[in-house]
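# Analysis of the macromolecular model
Okay, here's what each chain looks like letter by letter:
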Amino acid sequence: MALYDDVVNLSKLYLGPAAKKFIDRQISGHIEVEASPLAPSNLDELAKWCYTSGK
């Protein structure tokens, strides 16, 4: 399973059906990469933005 799918599946525990849209928005708006080449090196930045946006 791709890293992107793992992130979305984990997010569903907290965000329900809105998880995919939320994660996509964080990736495209703040990390500025495509979802498919999401790399482990992007996780710290993604986590920061998910935390900030989810407050």
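Above: the structure in question.
Everything numeric in this text was worked out from a predicted model, so none of it was measured.

## A few points about the environment of Gly 54
Relative to the assigned elements, Gly 54 resides in helix H3 (residues 43–54). Between the alpha carbons of Gly 54 and Gly 29 there is a distance of 14 Å; along the sequence they are 25 residues apart.

## Overview of the packing of helix H2 (residues 19–31) against H3
Between H2 and H3, whose axes approach to 10 Å, the crossing angle comes to 115 degrees. By the angle between their axes, H2 is roughly perpendicular relative to H3. In terms of crossing hand, the pair formed by H2 and H3 is right-handed. Across the interface between the two elements, Phe 22, Ile 23, Gln 26, Ile 27, His 30 and Ile 31 from H2 touch Glu 45, Leu 46, Trp 49, Cys 50, Ser 53 and Gly 54 from H3.

The rules we used
Residues numbered from 1 in each chain as written. Predicted model: local features only at pLDDT ≥ 70, side-chain atom pairs only at ≥ 80, totals over all residues. Heavy atoms only, no water. Helix = DSSP H or I, 4+ residues; strand = E, 2+ residues; numbered from the N terminus. Axes fitted to C-alpha atoms, helices over the stretch in contact; angles between N-to-C directions. Parallel < 35°, antiparallel > 145°, perpendicular 65-115°, else oblique. Left-handed = near helix turned anticlockwise from the far one by under 90°. Contact = heavy atoms within 4.5 Å.

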